[in-house]
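Breakdown of the fold
Okay, here's what each chain looks like letter by letter:
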There are 2 protein chains.
Amino acid sequence: MPTNEQLLDIFENYLAQTEFPAEPERLYAPIRYSLSGGGKRLRPMLLLLACGVFSDRTDHALPAAAAVEIFHNFTLLHDDIMDNAAVRRGKPSVHARWGENVAILSGDAMMICAYRLLSGVPADKLPRILAMFNTMAVEVCEGQQYDMDFEQKPKVSVVEYMHMIELKTSVLLGGAVTIGALLGGASEEDCRKLYRFAIELGLAFQLQDDLLDSYGDERLGKAIGGDILEGKQTYLMITAMSRADEPAREILRHTYKDDTLCDGEKIARVKAVYDRLEIPRLTEQQITVRFERALALLDTLSVDAARTARIREFAVGLMNRKK
Amino acid sequence: MPTNEQLLDIFENYLAQTEFPAEPERLYAPIRYSLSGGGKRLRPMLLLLACGVFSDRTDHALPAAAAVEIFHNFTLLHDDIMDNAAVRRGKPSVHARWGENVAILSGDAMMICAYRLLSGVPADKLPRILAMFNTMAVEVCEGQQYDMDFEQKPKVSVVEYMHMIELKTSVLLGGAVTIGALLGGASEEDCRKLYRFAIELGLAFQLQDDLLDSYGDERLGKAIGGDILEGKQTYLMITAMSRADEPAREILRHTYKDDTLCDGEKIARVKAVYDRLEIPRLTEQQITVRFERALALLDTLSVDAARTARIREFAVGLMNRKK
């Protein structure tokens, strides 16, 4: 079994030699650009590692791994249009560089390319894997829709928020590991457990992302407090709003819009409320609960513990990335 | 075998009872809106009729027929954003009614729903049908990209134009009949012939669309000469440019931008050049060549002539729609 680093190399090489036509240039160049932008390759890695839990062969899972990575990048392309984001991974977003029309269309083509790669799985597994992919894909759309709806919603509960991030970010991890497990020959029972492992891991990861936005040290490509300045409804903000008295809620609601304050003052003021309400500690607690739940699920799989070492190592590495 | 009218009813009923979730509302309401907008249901009808050439059963082809119709409507949704079209089939376009973000995302969800329905075909046919659908879908994107590229291209040849419309509009008909034929148990040879039938029919149909824009009588939802006023590079314009002397080319290039003329004058001036260059006759000629080629292909199929009567009748009806 290759090490996790070797597996990542294998995947990067496979993705790099995935060919796209030269013409029309403005359709395919943005696709190559998106896929070469780096990124952790989290989803294809989870797919390959999930396959590796059950099988010593993972090469046959490379096309499906590429499919989930291409699908993920398609969602980023379209999300960047919808969020009007000019930068992605430190470079201009596709719509900033080529315009909105190209971003819409290249995104569409990327989704089709993902399905094309997925269609290459063994025929006996295709219906099941396709069904998983379809469900996962439409749930990601649902999550994105709820995220956009919440921007206009005055009061979002913690439950609603967790449901939204489960759909928007976690189900893709869940789909990836399920597809990987199926390709490795896992039972439906083990697939269900791995799916839940990935959901819990995804939620922990997203909560950590929320926490690091405001309390991180150094963020590659992201400044501290961006969510606060946007007035974004993250786990921190929603939990704080649910615990705060009315004066504190006023501060939370209005600070980011207060033109008399500079950015640094806005961030400090909101974080002071967060600190007083113990938001960092409560968030860390949730992260830990979810992450430990994820790891515990790995122990319940019907394989020897040694077989889950690699995926466990990967999950731990993921959560430790910026501490 | 049901009549073509009955088949259309059967399809409309099937589509109407295809369920979409209630929530999130802003994701699914636009999908229902798009699909209930009427339209000729050309692509699903061709799919069902192609199936019916080879088999007396067509019910099992309904999910795939719905898939191609949903895919087609997805392309219209995204195309309307890219073309900034406020109206579709006499009603506000989805992005005019709900905004661009909803149109992008609902379109994405529609494409996934199309794949979901397609996934329901018999497992032994799924790889082949999926491959056809994937190829067709990405080619539609390529066609749309070329169409957008051509807006900035000073000189588009007839060959380039025909290639673009083949990709943008005809391959979807080709894919539809191929999938229908496969579901009917056709041989690969007959599939190839039907595919070419649909391509030729699609080209004839698009050329007729170009002709009717400027020379039609009454156009439901479209005024006469819209393409002329946009300076759009259609078959008429491109053929005219290739035949015209320089003074005539100047007229063709600049008239639509001439602010001293009202719309009626612009249209009359360009049509006068078209008439002088025999563009209507040449276009009619191309339409006839393509259409007759299409019908001739039906005769080469390895079935009794009676089995192609319905699809032949449908094709004839399509081309006769506005004469």
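Keep in mind it's a predicted model, so treat the numbers as computed, not measured. (Residues numbered from 1 in each chain as written. Chains lettered and ligands numbered in written order. Predicted model: local features only at pLDDT ≥ 70, side-chain atom pairs only at ≥ 80, totals over all residues. Heavy atoms only, no water.)

1. A word on the relation of the copies chain A and chain B
Note on the copies: chain A fits chain B at an RMSD of 0.0 Å, the axial shift is 0.0 Å, and the rotation between them is 180 degrees. What the rotation and shift describe, once combined, is the action of a two-fold rotation axis. When you check the interface residues of chain A against chain B, 100% turn up at the interface there too, and the contact is symmetric in its surfaces. (Least-squares fit on C-alpha atoms with pLDDT ≥ 70 in both. Contact = heavy atoms within 4.5 Å.)

2. Quick notes on the interface of chain A and chain B
Contacts between the two partners involve 37 residues from chain A, matched on the other side by 37 residues from chain B. On the chain A side of the interface with chain B, the three residues burying the most area are Leu105, Ile112 and Gln145 of chain A, jointly 17% of the side's total. Across the contact surface, chain A and chain B share two salt bridges. Residues arginine 26 of chain B and aspartate 149 of chain A are paired through a salt bridge, measuring 4.0 Å at the closest nitrogen-oxygen approach. Scanning the region where chain A abuts chain B turns up 10 residue pairs in polar contact (both at pLDDT 80 or more). (Buried area = accessible area lost by both parts, 1.4 Å probe. Salt bridge = Lys/Arg side-chain N within 4 Å of Asp/Glu carboxyl O. Polar contact = N/O pair within 3.5 Å; in protein donor to acceptor, adjacent residues only side chain to side chain.)

3. Looking at empty space enclosed by the protein
The tally for this structure, following the rule as stated, stands at five cavities of 30 Å³ or more. Those elements that provide at least two residues to the lining of the largest cavity are helix H2 (25-35), helix H4 (62-82), strand E2 (91-92) and helix H5 (94-98) of chain A. Looking at which element gives the most residues to the lining of the largest cavity, the answer is H4 of chain A, with four residues. Split into classes, the residues belonging to the lining of the largest cavity amount to five nonpolar, five polar and four charged. If you add up the space inside the second largest cavity, you get close to 130 Å³. By residue number, the principal contributor to the lining of the second largest cavity is helix H4 (residues 62-82) of chain B, which donates four residues. (1 Å grid on protein atoms, 1.4 Å probe; cavity = no way out; pocket = protein on both sides within 12 Å on 5 of 7 lines; lining within 4 Å. Points joined across faces, edges and corners; volume = space filled by probe spheres on them. Helix = DSSP H or I, 4+ residues; strand = E, 2+ residues; numbered from the N terminus. Nonpolar A, V, L, I, M, F, W, Y, C, P; charged D, E, K, R; others polar.)

4. A word on the nonpolar core
A general feature of soluble globular proteins is that nonpolar side chains tend to end up buried together. Counting 238 residues, the largest nonpolar core has Phe71, Leu194 and Phe197 of chain A together with Phe71, Leu194 and Phe197 of chain B as the members making the most contacts within it. In this structure phenylalanine 71 of chain B touches Met111, Ala114, Phe133, Met136, Ala137, Val140 and Leu172 of chain B, once residues within four positions along its chain are discounted. (Core = buried A, V, L, I, M, F, W, Y, C linked by side-chain atoms within 4.5 Å. Buried < 20%, exposed > 50% of the residue type's maximum accessible area, 1.4 Å probe, protein only.)

5. Section: the confidence of the model for chain A
Residues and elements named next belong to chain A. The share of residues in chain A with pLDDT of 70 or more is 98%, and the mean pLDDT across the chain is 94. Averaged pLDDT values over the elements of chain A bottom out at 90 in strand E1 (residues 87-88) and peak at 98 in helix H3 (residues 42-54). The complex prediction reports pTM at 0.94, with the ipTM value standing at 0.93. (pLDDT = per-residue confidence, 0-100.)

6. Thoughts on the packing of aromatic side chains
Considering all chains together, one arrives at 13 aromatic pairs over all chains under this definition. Aromatic side chains tyrosine 115 of chain A and phenylalanine 133 of chain A sit 5.0 Å apart centroid to centroid with 75 degrees between the ring planes, which places their arrangement in the edge-to-face category. In this pair, tyrosine 115 of chain A is assigned in helix H6 (residues 100-118) and phenylalanine 133 of chain A in helix H7 (residues 126-151), connecting sequence segments 18 residues apart. By relative accessible area, which is 0% here, tyrosine 115 of chain A ends up buried. Both rings, one in tyrosine 33 of chain B and one in tryptophan 98 of chain B, keep their centres 5.2 Å apart while their planes meet at 85 degrees; by these two values the pair is edge-to-face. One end of the pair, tyrosine 33 of chain B, is in helix H2 (residues 25-35); the other, tryptophan 98 of chain B, is in helix H5 (residues 94-98), and 65 residues separate them in sequence. For tyrosine 33 of chain B, a relative accessible area of 14% corresponds to the buried category. Residue classification places tryptophan 98 of chain B among the buried residues on the basis of a relative accessible area of 16%. Among the aromatic side chains, those forming a connected cluster through ring pairs are Phe71, Phe74, Tyr115 and Phe133 of chain A together with Phe71, Phe74, Tyr115 and Phe133 of chain B. (Phe/Tyr/Trp six-rings, centres within 6.5 Å; stacked < 30°, edge-to-face > 60°.)

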